[in-house]
Amino acid sequence: MPLRGKSFFFTAGVLAATLLLGVWLHSTRTLQAPADQRVHLRLAALYTSQAMENYQDLVDDFNRRNPDLLVELQGIPGSYYDKLLVMFAGRTAPDVMWMGKGMAQFASRDAFLDVEDEFRIPPGHYYESVLDCYRFNGRLMGFPLGADFAVIVYNLDLFQQAGLPPPAPDWTLEEFRQAAKRLTVREGGQVRQWGFYGEIDPGVFGAEVLSPDMSEERIDRPEWRSYLDFHLKLIFEDGSMPSRLEIPGAGILTRRQAFYRGQAAMISDGFHFQTMREEISDFRWDIAPVPMGARRACASSTQGFAVSRHTPHPAEAVRLLRYLVAPESQRRMGGVLVPSHRESARQAIEDMPGPPHNRQVILDSMETLNPFPRHPKINELQQALAETTRLVLTRQQSPEAGLRECARQFREILGRTHP
Amino acid sequence: MPSRIKSGPLVVYGLLVLLAASMLFPFYWMAITSLKGKADVFSTEPKLIPGRQLAERVVDDPRWFFHSGTDNYSQLLAWQRLVESGSGPRGFSRFVLNTVFFALAITLGQVITSSLAAFAFARLRFPGRKQIFFAYLATLMIPATVTMIPSYILLRELGWVNTYQAVILPSVFTAYGTFMLRQFFLTIPREIEDAARIDGCSPLGLYWRIALPLSTPALAALSIVAFVGSWRTFMWPLIVSSTEDLFNLPLGLTLFRGMYTDPDWPLLMAGSMVMTLPLILVFIAGQRYFVEGIRLGAVKG
Amino acid sequence: MRSRALGIAALFLLPNLLGFLAFTLFPVVASFALSFCRWDPVAEPVSAIEPVGLRNYVDLVGFHSRTDSGGQTSWVANTPRFWESLYNTVFMMLAIPFNMAASLLLAVLLNRKMRGMAIFRSAFFLPSITAGVGTMLLWMWMFNKDMGSINQVLAWVGIQGPDWLQSYFWAKPALMLMASWAGIGGVNMILYLAGLQQIPRELHEAAALDGAGRWQQLRHVTVPMLLPVTFFIFIISIISGLEGGFDAPYVMTGGSFGTTTVSLYLYRQGFEFFRMGYASAVAWVLFLIVFLLTMINWRLAEKRVEY
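Residues numbered from 1 in each chain as written. Chains lettered and ligands numbered in written order. Predicted model: local features only at pLDDT ≥ 70, side-chain atom pairs only at ≥ 80, totals over all residues. Heavy atoms only, no water.

## Details of the overall build of chain A
Heads up, the condition is: Every helix listed is a DSSP run of H or I at least four residues long, and every strand listed is a run of E at least two residues long, numbered separately from the N terminus. Categorising residues by exposure relies on relative accessible area from a 1.4 Å probe, with only protein chains included: less than 20% of the type maximum marks a residue as buried, more than 50% marks it as exposed, and the intermediate range marks it as partly exposed. A contact between two residues is defined here by any heavy atoms of the two lying within 4.5 Å. Calculation of accessible area relied on Shrake-Rupley with a 1.4 Å probe; when residues are assessed, cover is drawn exclusively from the protein chains displayed. As used throughout, the charge tally considers Lys and Arg to be positive and Asp and Glu to be negative, leaving His and the chain termini uncounted. By convention, the point assigned to a charge is CZ for Arg, NZ for Lys, CD for Glu and CG for Asp.
Looking only at helices and strands, chain A features 16 helices and 13 strands. Looking at chain A as a whole, 59% of its 419 residues qualify as buried. For chain A, restricting intrachain contacts to residue pairs at least 6 apart in sequence, the fraction spanning at least 24 positions comes to 73%. Of the roughly 17,200 Å² of accessible surface on chain A, a fraction of 51% belongs to carbon and sulfur atoms. Across chain A, the mean location of the 47 positive side-chain charges is 5 Å away from that of the 51 negative side-chain charges.

## Looking at the side chain of R416 of chain A
Tracing the sequence through the fold places R416 of chain A in the segment after α16 (399–415). R416 of chain A sits in the buried class, given a relative accessible area of 6%. For R416 of chain A, the residues in contact, after removing those within four places along its chain, are K377 and E380 of chain A together with D59, H64 and R275 of chain C.

## Describing the domain arrangement of chain A
Residue and element names in this part refer to chain A. Stated formally: In this entry, domain limits derive from an automatic or database-based domain assignment. Summed over both partners, the accessible area lost on bringing two parts together, with a 1.4 Å probe, is the buried area. Salt bridges are defined by distance alone: a side-chain nitrogen of Lys or Arg within 4 Å of a carboxyl oxygen of Asp or Glu. By the criterion applied in these results, polar contacts are pairs of N or O atoms within 3.5 Å in which, for protein atoms, one can donate a hydrogen and the other can accept it, and in which residues neighboring in sequence qualify only through two side-chain atoms. In this classification, the charged set is Asp, Glu, Lys and Arg, the nonpolar set is Ala, Val, Leu, Ile, Met, Phe, Trp, Tyr, Cys and Pro, and all remaining amino acids, among them Gly, are polar.
Considered domain by domain, chain A is made up of domain 1 (38–147 + 301–357) and domain 2 (151–297 + 377–415). Opposite the 14 residues of domain 1 that make contact, domain 2 presents 10 residues. Together domain 1 and domain 2 conceal approximately 1,000 Å² of surface at their shared face, both sides included; 62% is due to carbon and sulfur atoms. Summed over the three residues of domain 1 that lose the most area to domain 2, namely Q105, P355 and P356, the buried surface amounts to 44% of that side. Seen at the junction of domain 1 and domain 2, the total is zero salt bridges. For the interface between domain 1 and domain 2, the tally reads four residue pairs in polar contact (both at pLDDT 80 or more). Looking at side-chain class alone, the side of domain 1 that touches domain 2 contains nine nonpolar, five polar and no charged residues.

## Here's the deal with unusual backbone geometry
In this model, G354 of chain A is joined to P355 of chain A through a cis peptide bond whose omega is -15 degrees. Looking at the element boundaries, P355 of chain A is found in the loop between α13 (342–351) and α14 (360–365). Here P355 of chain A and P356 of chain A are connected by a cis peptide whose omega angle stands at 5 degrees. Take P356 of chain A: it is sitting in the loop between α13 and α14. At S79 of chain A, a residue that is not glycine, the phi angle is positive and equals roughly 45 degrees. Under the relative-accessibility criterion, S79 of chain A is labelled partly exposed at 29%. Phi angles above zero are rare outside glycine, and F274 of chain C is one such case at about 60 degrees.

## Let's talk about the sheet that holds strand β11 (residues 285–288) of chain A
All names here are of chain A. Threshold: By the convention used here, strands pair only if DSSP detects at least 2 bridges between them. The axes used here are C-alpha line fits, helices contributing only the stretch in contact, and every angle between their N-to-C directions lies in the interval 0 to 180 degrees.
Taken together, the five strands give an open sheet; going across it, the order is β8-β9-β10-β7-β11, and neighbouring strands pair in mixed fashion. This sheet does not close on itself; its edge strands, each paired only once, are β8 (185–187) and β11. Going across the sheet, the axis of each strand differs from the next one's by a mean of 25 degrees, ignoring polarity. By the bridge criterion, three bridges tie β8 to strand β9 (residues 190–197) in an arrangement that is antiparallel. Looking across to β9, one finds that E187 is bridged to Q190.

## Some details on the sheet that holds strand β12 (residues 300–307) of chain A
Residues and elements named next belong to chain A. Spatial ordering of the open sheet is given by β2-β1-β3-β12-β6-β13, a layout of six strands whose pairing is mixed. At either end of the open sheet lies a strand with only one pairing partner, and these are β2 (69–76) and β13 (338–339). Bridging between strand β1 (residues 39–46) and strand β3 (residues 96–99) involves two bridges; their strand directions are parallel. The residue of β3 that forms the bridge with L43 is V96. Sitting on the sheet, helix α3 (residues 80–89) touches β1, β2 and β3, and the angle it makes with β3 is about 150 degrees.

## So, the interface of chain C and chain B
You'll often see interface size given as the accessible area lost when the parts meet. Listed per partner, the contact involves 99 residues of chain C and 101 residues of chain B. Three residues stand out in chain C for area buried against chain B, namely F12, F23 and Q198 of chain C, and they jointly supply 10% of the buried area on that side. Taken together, chain C and chain B are joined by zero salt bridges. With 21 residues, helix α1 (residues 2–34) of chain C is the largest single contributor of residues to the side of chain C that touches chain B. Along the lines of polarity and charge, the residues of the side of chain C that touches chain B split into 72 nonpolar, 17 polar and 10 charged.

## Some words on the pairing of β9 of chain A
All names here are of chain A. Between β8 and the antiparallel strand that follows it, β9, lie two residues; G188 among them carries a positive phi value of about 55 degrees. Sheet topology places β9 next to strand β10 (residues 264–269); three bridges connect them, and they run parallel. Within the sheet, the bridge partner assigned to F196 lies in β10 and is M266.

## Here we look at the side chain of R177 of chain A
Looking at the element boundaries, R177 of chain A is found in helix α7 (residues 173–182). At 3.2 Å, the side chain of R177 of chain A forms a polar contact with the side chain of E237 of chain A.

## Describing the domain arrangement of chain C
All names here are of chain C. For chain C, the assigned domains read domain 1 (2–79) and domain 2 (82–304). When each unit is reduced to the centre of its C-alpha atoms, the spacing between domain 1 and domain 2 is 29 Å. On the side of domain 2, 13 residues touch domain 1, which itself brings 16 residues to the contact. Where domain 1 touches domain 2, the interface holds one salt bridge. A salt bridge links R275 to D59; its shortest N-O distance comes to 2.8 Å.

## A few points about the state of the cysteines
Rules: In this description, a disulfide is simply a cysteine sulfur pair whose atoms lie within 2.5 Å.
The final tally for this structure, using the stated rule, is zero disulfides over all chains. Here C133 of chain A stays free of any disulfide, with the sulfur of C298 of chain A as its closest cysteine sulfur at 11 Å.

## Concerning helix α3 (residues 81–93) of chain C
Residue and element names in this part refer to chain C. The condition is simple: Multiplying 1.5 Å by the residue count of a helix minus one yields the expected span of that helix. This arc describes the spread of directions from the helix axis toward the C-beta atoms.
Compared with an ideal rise of 1.5 Å per residue, which puts 13 residues at 18 Å, α3 spans 18 Å between its outermost C-alpha atoms and is within 8% of the ideal. Taken as a whole, α3 has its buried residues at F82, S85, L86, N88, T89, M92 and M93. Along the axis of α3, the buried positions cluster into a sector of 160 degrees, meaning they face one direction only.

## Here's the deal with the packing of helix α6 (residues 91–123) of chain B against helix α13 (residues 216–231) of chain B
When two helices pack together, their arrangement is given by the angle between the helix axes and the distance between those axes. All names here are of chain B. Quick note on the threshold: Working rule for handedness: look at the near helix, and if it is turned counterclockwise from the far one by less than a right angle, call the crossing left-handed; if clockwise, right-handed.
Packing of α6 against α13 brings their axes to within 8 Å, and their N-to-C directions diverge by 145 degrees. For the crossing formed where α6 meets α13, the hand is right-handed. For the pair α6 and α13, the contacting residues are T99, V100, F102, A103, L104, I106, T107, Q110, V111, S114 and S115 in the first and L219, L222, S223, A226, F227, S230 and W231 in the second.

## A closer look at the nonpolar core
Using the following cut-off: We define a nonpolar core as any set of buried Ala, Val, Leu, Ile, Met, Phe, Trp, Tyr and Cys residues linked to one another through side-chain atoms lying within 4.5 Å.
Ranked by size, the top nonpolar core spans 327 residues in total, and within it M99, F106, F112, I200, M266 and F305 of chain A together with M252 of chain C carry the most contacts. In terms of residue count, α6 of chain B provides more of this core than any other element does, 15 residues in total.

Printed below as a string of structure tokens:
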């Protein structure tokens, strides 16, 4: 049977080639053998092309300054917290790691080394609200590089076309709503230009998620009701905001793209002005504070670094942490975050090329950050709240029913002692 | 309906063309997007025929195509960011070679070992056959989400984290291939086996001379399934690798995504094209085993 | 004689069985043990895993324990999230018989010597290899209420299309449609193609001599001969139907509008809420369901084919 002979030799050939390829690939790996006396530290970060270059520069500089240490930067290209979870489960977590929105979920489980005593923080030199995001039971469990938050980004040309003055620093929710209405342009029954695309933080309406001691929900309250009603009015009554909510992972038409194309006159967006400057060339734009409601608040997130509680080299790892979050390092990250160090923040904002020109908004917003409570079940609570918002704002559920159901779920999650 | 098919291949062709067009549409869209500039993707509402604009532009200025259109691809292929030390292939070419190696090793390992096991389950009688086979079946029914951490801890105990074998071995001994080939071996008529047995054929001979040649289409099918699956695998290599020199294409391609910028869709689509094209070639090479009518020739030979 | 048979079988089995025991069976057994424990993988090392008996299973059925400040433990009914996700999943699995029939028909259509068949086969196979976030984005475009191509086409015939991905009623069918598109020409079609090749040509020739038409040949020769393959495809479809379907709802609907599948639920419990023990219990309830379905099928199949 000639066929069998042929396929036998073919398979054997492929097998041999595969083995050779494997041996060759294995022998050309770039692993550094720990042959020297240096202490090896692993630093993990979510891989994003811009941030990675910054981190690599920092690591190279640190390695030069600390001849007794060798830091290896490990860029994780996705599913960052999934991978961290598996590594913690196997007790092979990196010595130092970047942290973003997962901070509370991990830190509240004692994943990180208490570094409260490692930092002497002179009063008033740092944004306390940002440091607080890394404090658990009053102790620092890592150190924040800085914060990112949502402000209102607006298209100045479209404001002028609509005969509107630029937003005042103290504009109210009602003024904002009227502006969004005026900025909406319809053409043959279809909206050609939306007044607003985004979200106003619930805090603006006075809404809170949990009681200060985090033991009770504060969901089924009039503040949350007015938060939902306001957005429902924008979407269905005024028609000034698209109903399609952004969905995690991928968007159909993301807010920013709508803004770049002049299809949204205002969006709520974070501190990524660098990208915006590159993308927008054909209109003038600037930023305005989130409109004033019951109080001032803006959605925020923080980024920083933390040391694994299981690191075999705590002293060295803390040394690396201190270097990574030092004011000089923070200034390098100024393009993507507002530093937690006040002076660095001021300088980074000053050095930033325009637009935006209204930079005071950035510094003011740093004082009104409204982070989600740092509860150990933060992911579960956030998921429940996001689900409710999504259903109510697509009118699949009434605000009353949604909030009642959400509050019930909150009580269930908070009350469950068996995890 | 089948009786109408008989009336002429024209109807079959027409039906197939219509269906195939709807199947090809996303691929077509991917190809078109991969040739666009970043700003162009969302510049108009997605149209039913998304390529028209691009075609107009190419006709207007053919040179634009070679500058902007191939930009994404050259950007991909030139990409490198591995640490300086080491002498082997780096960056994108290393991702490609790793992917090829993973896919070949997993496919070969699966086909060879599971065809042996499947033969035992389908054609041999031995105590515990049913029980062991059920254990195989059972492992198919547990989602990978909950076995991931135990697998990882096992590999850590073996000291294999961040090695090639850690990526490959757990994907080789899955029950899928064994179960599938068993089903195909079952369809081999017993008369052929009995005849060979009377001629003094050993079990190994039965496997080698009867079962394998008669199941070439099934082996080709398993190879395609295993190859495609391991070529596209993302989560497991991510979990067990800690350095970029172990990344495959799906992992490598996510490196192009920025956190603050919106994803660069044209570049990502160019990456998907690079991912997909080799698979299409593998499929075209493998699918010919579905037409040659190997079975009869082999038995008569 | 018995030991000789065992020896020969071992020769065939061992290469796979050894690896199977270590890399496939061990993690499965470990997850079984975990389903009777509470384990927060970040907070506790493996050594501190605490057995809790059947609590995870009771929680999943609909009750969890609550310890009040006085140390009293009571059982509280909770939201039947697991059952909801199971309902969503089973609903979406209703497409399985249709998909299998379509795959078989497609394979029969493509299993002929005609010019260009290789191209057609590749075209139908393509969706299953290009499926990913990129194609999901495209489908999100197509499902879009105002600008999506599906509603555009519907508008031509005067139908006002729904907001596919953002309504309780349409989100599931939309995801099912997308999954069918990706799945019909994929692995199942390949397996059917391979199965069709396994059928000895003599059987068809004999049937033709007996005066059987194409339809009768399909019914009396093709379908019975494809039973073992169909059995495999059916089992695998049930398994992947119950345990797959994670990416699409995650990316396209965020799991809202009744699209949280069991696999998405399981992932969230384990990897987002760090309830590994509970997630394992969910996995093993799924196992029980799939196993029972498989057994029923096995018995039915055994009656029809000699195994």
